[in-house]
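Letter by letter, the chains look like this.
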Amino acid sequence: MVNSLYKDDFRANFKPGKTLPKISTQLDSVRAFQFEVRFYGLPQALVGSQQDLTLAAKQVSPVGITVDDIVVDRVNDRVFYPGKPSQEEITITFDNLYLKNTTPAMWEWFKSIYDPISGDMTKLAAPGGPGNRTFKANKLTIVELDNTKTPHAFIEVYGVYPKAHRFSEKNYSTNEFSTIEVTFRFDFLDYGRYGQANQ
């Protein structure tokens, strides 16, 4: 016989005025709007903008990684084995702040990947650039905050660089802030909770 966990556990033992079921007390979750974005190990020209970027970041696309399939065909059968990973792109929307240097800083970082004026690529890195510098940030951390704005968990990506830069639409009939959208590539991904073994 198949039992209903919802009926037998999560919704059970409800005594009005005396006790509450688990569904009323144990399903509180991280809010999608309680987060901060932090950059570490930015290229030297952007180091002074790290806190400004955290302040300006207002939206983050889903962060993900997929293990691609290796398909094995034999006679009438097709089975699958795990292959190489594919990291998804991350798009972060930043407010175009008056009093901070976030938009110029992001544009300069993008230009270090590809400069549309000179045509140079990855010009912060050797062989053409200085050999002890890189066009990638060491890591990008999306900090999940709890109900008291205390860091609760993190999503971290490593080896980060901007691959696309978009200025928002200009429209006389809108009533909202101007933004920039920057799409990032990364090499590696991790997740954890603060206070556990890996942090």
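In this report, we go over the structure that sits alongside the text. The model shown is predicted, which means the values in this text are computed figures rather than measured ones.

## A look at the environment of W107
Following the sequence through the fold, W107 ends up in helix α4 (residues 102-113). Through-space distance from the C-alpha of W107 to that of R166 is 9.6 Å; in sequence the pair is 59 residues apart. Setting aside residues no more than four positions away along its own chain, W107 makes contact with P116, H165 and F167.

## Considerations on the nonpolar core
If you look at the biggest cluster of nonpolar residues, it comprises 21 residues, and the most contacted ones within it are F39, I92, F94, M106, W109 and F184. Among the secondary structure elements, those contributing two or more residues to this core are β1 (35-40), α3 (50-56), β5 (90-95), α4, β6 (137-145), β7 (151-167) and β8 (179-185). When sequence neighbours within four positions are dropped, the list of residues in contact with F184 reads F39, E89, I90, I92, F94, M106, W109, V160, Y161, P162 and K163.

## A look at the pairing of β5
With 5 of 6 residues buried, β5 is to be regarded as a mostly interior element. As defined by bridge partners, strand β2 (residues 57-60) adjoins β5 across 3 bridges and the pair is classed as antiparallel. Note on β5: the bridge partner recorded for A57 is F94.

## Side note on unusual backbone geometry
Residues other than glycine predominantly adopt negative phi, and peptide bonds predominantly adopt the trans conformation. Backbone geometry places N13, a non-glycine residue, at a positive phi of 60°. Within the element layout of this structure, N13 appears in the loop between α1 (5-10) and α2 (22-25). Phi at V75 takes a positive value of approximately 50°, unusual for a residue other than glycine.

## Points about the packing of aromatic side chains
The final tally for this structure, using the stated rule, is 7 aromatic pairs. On the basis of an interplanar angle of 20° and a centroid distance of 5.5 Å, the ring pair of W107 and F110 is categorised as stacked. On the criterion of helical spacing, the pair formed by W107 and F110 is a turn pair, its members being 3 residues apart in helix α4. Here F135 and Y161 contribute two aromatic rings whose centre-to-centre distance is 5.8 Å and whose plane-to-plane angle is 80°, an arrangement assigned as edge-to-face. Residue F135 is found in the loop between α4 and β6, and its partner Y161 is found in strand β7; the two are separated by 26 residues along the sequence. For F135, a relative accessible area of 17% puts it in the buried group. The exposure class assigned to Y161 is partly exposed, which follows from its relative accessible area of 22%. Three or more aromatic residues joined by ring pairs make a cluster, and in this case those are F39, W109 and F184.

## Considerations on the side chain of E156
Within the element layout of this structure, E156 appears in strand β7. Looking at E156, the relative accessible area reads 4%, which means it is buried. There is a polar contact of 3.2 Å between the side chain of E156 and the side chain of K139. Within polar-contact distance, the side chain of E156 engages the side chain of Y158 at 2.5 Å.

## Brief notes about a nonpolar patch on the surface
Nonpolar side chains collect at one region of the surface, where Y6, I23 and L27 lie side by side and expose about 280 Å² of accessible area between them. When you line up the elements, L27 lands in the loop between α2 and β1.

## A word on the side chain of T179
Mapping T179 onto the fold places it in strand β8. Among residues more than four places away in sequence, those in contact with T179 are K58, T93, F94, D95, N96, R166, F167 and S168.

## Comments concerning α4
Between its terminal C-alpha atoms α4 stretches 17 Å, which fits the 16 Å expected from 12 residues at 1.5 Å a residue. Taking burial as the measure, the 12 residues of α4 include 9 buried ones, the bulk of the element. Of all the positions in α4, only T102, T103, A105, M106, W109, F110, K111, S112 and I113 are classed as buried. Its buried side turned inward, α4 meets β1, α3, β5, β6, β7 and β8.

## Re the environment of I142
Structurally, I142 can be placed in strand β6. A relative accessible area of 8% means that I142 is categorised as buried. Here the alpha-carbon distance between I142 and V157, two residues 15 residues apart in the chain, equals 8.7 Å. Apart from residues lying up to four places away in sequence, I142 is in contact with E36, V60, V63, A153, F154 and I155.

So, how was this worked out
Residues numbered from 1 in each chain as written. Predicted model: local features only at pLDDT ≥ 70, side-chain atom pairs only at ≥ 80, totals over all residues. Heavy atoms only, no water. Helix = DSSP H or I, 4+ residues; strand = E, 2+ residues; numbered from the N terminus. Contact = heavy atoms within 4.5 Å. Core = buried A, V, L, I, M, F, W, Y, C linked by side-chain atoms within 4.5 Å. Buried < 20%, exposed > 50% of the residue type's maximum accessible area, 1.4 Å probe, protein only. Pairing = 2+ DSSP bridges. Phe/Tyr/Trp six-rings, centres within 6.5 Å; stacked < 30°, edge-to-face > 60°. Polar contact = N/O pair within 3.5 Å; in protein donor to acceptor, adjacent residues only side chain to side chain. Patch = residues over 30% accessible without salt bridge, like charges linked within 9 Å, V, L, I, M, F, W, Y side chains within 5 Å. Areas by Shrake-Rupley, 256 points an atom, 1.4 Å probe, with all protein chains shown as cover. Salt bridge = Lys/Arg side-chain N within 4 Å of Asp/Glu carboxyl O. Expected span 1.5 Å × (residues − 1).

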